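Descriptive structure summary
Spelled out from the first residue to the last, the chains are:
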Amino acid sequence: MLKDISHLYSKFRENGFEVSEHETMDGVPLLASCRQTNFSFTKFGFAETFFIFREIYENSAEAVRIFSSQAFAYAQKNRKIHLPCGFFESVWVFPVAIMQNPSPEVISSVEENAPRKHWAAGEMPVIMNARSGALSYYRKTPIWGYAYYAGFRKQIEKYLFLERGMAS
């Protein structure tokens, strides 16, 4: 069981994220929502990045997919900049599903299937194994995502990597 992930939140705060703990999303409790809003020339305007943490108890790819869609909708509702995506605004969402013992099928569902595409927005689900701290996410780069996917993976590793001894 993962002892505590709240130490991760300091990484977010140190990098300009607003961290809200114990939020709810469609009546379901979240561990935290981390949001950063900034202007980015490479994203042609404002970029809002969200990391949304939730424990997932159902060991299924469908549960992770539903959480990812809900997290994307939550991020859209909780943006600071309310311009339409693609009009000097983009939204990037990392739904972090914390699971006790994700099955190989569930892990494969995020590692092998490209995340859903959105106009000037994206969602990249991540599974964090609560026992080991291991991260599972899409490590490939689709042709349409060439400009962004390396940066997405860097953000996942930067903010979600657990130091040894944090999981038991």
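Keep in mind it's a predicted model, so treat the numbers as computed, not measured.

1. With respect to the nonpolar core
Membership of the largest hydrophobic core comes to 27 residues, with the highest contact counts inside it found for Phe-12, Phe-51, Phe-53, Val-96, Met-128, Ile-156 and Leu-160. Sorting the residues of this core by element identifies helix H1 (6-14), strand S4 (32-40), strand S5 (45-55), strand S6 (89-99), strand S9 (126-129) and helix H4 (149-160) as the ones contributing at least two each. For this core, the element with the highest residue contribution is H4, accounting for 5 residues. In contact with Phe-51, not counting residues within four places along its chain, are Phe-12, Phe-17, Ala-32, Ser-33, Cys-34, Phe-94, Val-96, Gln-155, Ile-156, Tyr-159 and Leu-160.

2. What about the layout of surface pockets?
Its boundaries defined by the atoms lining it, the second largest pocket holds a volume of some 250 Å³. Along its surface, the second largest pocket is lined by 15 residues, and Arg-65, Ser-109, Val-110, Asn-113 and Pro-125 are the ones closest to its centre. Here the element with the most residues in the lining of the second largest pocket is helix H2 (residues 61-77); it accounts for 5 residues. Split into classes, the residues belonging to the lining of the second largest pocket amount to 8 nonpolar, 4 polar and 3 charged.

3. As for the pattern of salt bridges
Under the counting rule described, the total for this entry stands at 5 salt bridges. As a salt-bridge pair, Arg-65 and Glu-62 come within 2.6 Å of each other at their nearest N and O atoms. Of this pair, Arg-65 and Glu-62 both sit in helix H2, 3 residues apart, which is roughly one turn of that helix. The exposure class assigned to Arg-65 is partly exposed, which follows from its relative accessible area of 42%. A salt bridge links Glu-111 to Arg-139, with the nearest nitrogen and oxygen atoms 3.6 Å apart. With Glu-111 in helix H3 (residues 104-112) and Arg-139 in the loop between strand S10 (135-136) and H4, the pair connects residues that are 28 residues apart, well separated along the chain.

4. What about the side chain of Ser-68?
Relative to the helices and strands, Ser-68 is located in helix H2. The residues touching Ser-68, leaving out its near neighbours within four places in the chain, are Pro-95, Glu-123 and Pro-125.

5. Describing the packing of aromatic side chains
The tally for this structure, following the rule as stated, stands at 11 aromatic pairs. Directly above the ring of Tyr-137 sits Arg-139, whose terminal nitrogen or CZ lies 4.1 Å from the centroid.

6. A look at the packing of H1 against H4
Where H1 contacts H4, the two axes come as close as 9 Å, and the packing angle between them is 125 degrees. Accordingly, the angle class assigned to the pair H1 and H4 is oblique. On H4, the residues that touch Leu-8, Lys-11 and Phe-12 of H1 are Lys-158, Tyr-159 and Leu-160. Taken together, the residues of the contact of H1 with H4 break down into 4 nonpolar, no polar and 2 charged.

Calculation rules
Residues numbered from 1 in each chain as written. Predicted model: local features only at pLDDT ≥ 70, side-chain atom pairs only at ≥ 80, totals over all residues. Heavy atoms only, no water. Core = buried A, V, L, I, M, F, W, Y, C linked by side-chain atoms within 4.5 Å. Buried < 20%, exposed > 50% of the residue type's maximum accessible area, 1.4 Å probe, protein only. Helix = DSSP H or I, 4+ residues; strand = E, 2+ residues; numbered from the N terminus. Contact = heavy atoms within 4.5 Å. 1 Å grid on protein atoms, 1.4 Å probe; cavity = no way out; pocket = protein on both sides within 12 Å on 5 of 7 lines; lining within 4 Å. Points joined across faces, edges and corners; volume = space filled by probe spheres on them. Nonpolar A, V, L, I, M, F, W, Y, C, P; charged D, E, K, R; others polar. Salt bridge = Lys/Arg side-chain N within 4 Å of Asp/Glu carboxyl O. Phe/Tyr/Trp six-rings, centres within 6.5 Å; stacked < 30°, edge-to-face > 60°. Lys NZ or Arg CZ within 6 Å of the ring centre and 35° of its normal. Axes fitted to C-alpha atoms, helices over the stretch in contact; angles between N-to-C directions. Parallel < 35°, antiparallel > 145°, perpendicular 65-115°, else oblique.

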